[in-house]
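As a plain string of letters, each chain reads:
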Amino acid sequence: MFDMTRFHPTRWIGLLFLMCLSLHEVQAQFGQNAPSQSKRNERDGIARETPPPTADPEMTKFQQLQDQTVYKKGFDKRRFFFGGDLGVQFGSLTAIDIAPTVGYTFHRMFKMGISFSFEYFAYNYYTPTSVERRRYFIYGGSVFARFYPIKYVYLHVEMMGLNQPRPGNDKRRWMAYPLVGLGYNQPVSEQAALQLQLLWNLNNSAESILANPIVSLGFNIRP
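Residues numbered from 1 in each chain as written. Predicted model: local features only at pLDDT ≥ 70, side-chain atom pairs only at ≥ 80, totals over all residues. Heavy atoms only, no water.

(A) Examining the overall build of the chain more closely. Within the chain one finds 3 helices and 8 strands. For the chain, the α and β elements follow one another from N to C terminus as α-α-α-β-β-β-β-β-β-β-β. The 223 residues of the chain split such that 33% are buried. The contacts in the chain between residues at least 6 apart in sequence include a share of 51% that link residues at least 24 apart. (Helix = DSSP H or I, 4+ residues; strand = E, 2+ residues; numbered from the N terminus. Buried < 20%, exposed > 50% of the residue type's maximum accessible area, 1.4 Å probe, protein only. Contact = heavy atoms within 4.5 Å.)

In structure tokens, the structure reads:
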């Protein structure tokens, strides 16, 4: 069983950050060791640089950018992506869920980002003599990493922290939710893509409010 009393979210965040730095070091090392085409051209008396491999003409700019990020060096604002999820439900149970996301593509196979979560719930609580309308808020954030072993299909690891009320009273506490699963990006235009995720919550404590599996549909956009 996952023991939440011994869990420290900062350890997961630090681990993801070290993974990111390690990947950058490996990429830089390969770039230094690999002989560049421009140097070979200089030896042959040709003063020009070889452009990146030609992209598939049937690919959209969104797809081409994902393929060519590995050829870019240094910071590039085009590697940022924005998006999130939005869920709304009305009736005897009212639920509004907003989760904006921002991330950065460090490599075409590796991305990291942060997400914020704001949830509002209202429901009817029935007593023998009356009906009471109860309302509460849940808020928090998360850090995530995505690894793409296959184009547009990624493995997702996320550590989420939510501030939520305790069952049966108004006291609040922070709860940690480690999430793992799969995701898929489907480009719909040159700058946008739909995102489908299937995640599993590893926190199986009695106070957990996330039921398994967690299915979400969102979107990503690029500058």
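(B) Fine view of the sheet that holds strand β8 (residues 214-221). Strand order in the closed barrel made by the 8 strands is β1-β2-β3-β4-β5-β6-β7-β8, with antiparallel pairing throughout. The sheet shows a mean angle of 25° between the axes of neighbouring strands, taken without regard to direction. Where strand β6 (residues 172-187) and strand β7 (residues 192-201) come together, 9 bridges link them in antiparallel fashion. Residue Leu-179 lies in a different strand from β7, and its bridge partner there is Asn-201. (Pairing = 2+ DSSP bridges. Axes fitted to C-alpha atoms, helices over the stretch in contact; angles between N-to-C directions.)

(C) Expanded view of the pattern of salt bridges. Applying the stated criterion across every chain yields a total of 2 salt bridges. Of the charged contacts, one joins Asp-76 and Arg-78 as a salt bridge, the two residues approaching to 3.3 Å between their closest N and O atoms. Given a relative accessible area of 36%, Arg-78 falls into the partly exposed group. (Salt bridge = Lys/Arg side-chain N within 4 Å of Asp/Glu carboxyl O.)

(D) Expanded view of the environment of Ser-208. Tracing the backbone through its elements, the reader meets Ser-208 in the loop between β7 and β8. Put simply, Ser-208 and Ala-176 are 32 residues apart on the chain and 9.0 Å apart in space, counted from C-alpha to C-alpha. Ignoring any residue separated from it by four or fewer positions in sequence, one finds Ser-208 in contact with Met-175, Tyr-177, Asn-201 and Asn-203. Polar side-chain contacts of Ser-208 include one of 3.3 Å to the backbone oxygen of Asn-203. (Polar contact = N/O pair within 3.5 Å; in protein donor to acceptor, adjacent residues only side chain to side chain.)

(E) Looking closely at the pairing of strand β5 (residues 153-165). In terms of burial, β5 is largely enclosed, as 10 of its 13 residues are buried. Bridge count between strand β4 (residues 131-150) and β5: 10 bridges; the pairing is antiparallel. Each residue of the ladder has a partner; that of Gly-140, found in β5, is Leu-162. Following β4, the chain reverses through 2 residues before pairing antiparallel with β5; Tyr-152 in that reversal takes a positive phi of roughly 75°. Relative to β6, β5 runs antiparallel, the two being bridged by 13 bridges. Bridge pairing in β6 links Leu-155 to Leu-182.

(F) Quick peek at unusual backbone geometry. Each neighbour pair has its own omega, and for Asn-212 with Pro-213 the value is -10°, a cis peptide bond. Note that Pro-213 resides in the loop between β7 and β8. Backbone geometry at Tyr-152 places phi at a positive 75°, although glycine is not the residue there. Within the secondary structure layout, Tyr-152 lies in the loop between β4 and β5. For Tyr-152, a relative accessible area of 10% gives the class buried.

(G) Structural context of a nonpolar patch on the surface. Nonpolar side chains collect at one region of the surface, where Phe-82, Tyr-184, Val-188, Leu-194, Leu-196, Leu-198, Val-215, Leu-217, Phe-219 and Ile-221 lie side by side and expose about 920 Å² of accessible area between them. Where the nonpolar patch is concerned, the elements lending two or more residues are β7 and β8. At 4 residues, β8 tops the list of elements feeding residues into the nonpolar patch. Tracing the backbone through its elements, the reader meets Phe-82 in strand β1 (residues 80-89). Owing to a relative accessible area of 36%, Phe-82 belongs among the partly exposed residues under this scheme. (Patch = residues over 30% accessible without salt bridge, like charges linked within 9 Å, V, L, I, M, F, W, Y side chains within 5 Å. Areas by Shrake-Rupley, 256 points an atom, 1.4 Å probe, with all protein chains shown as cover.)

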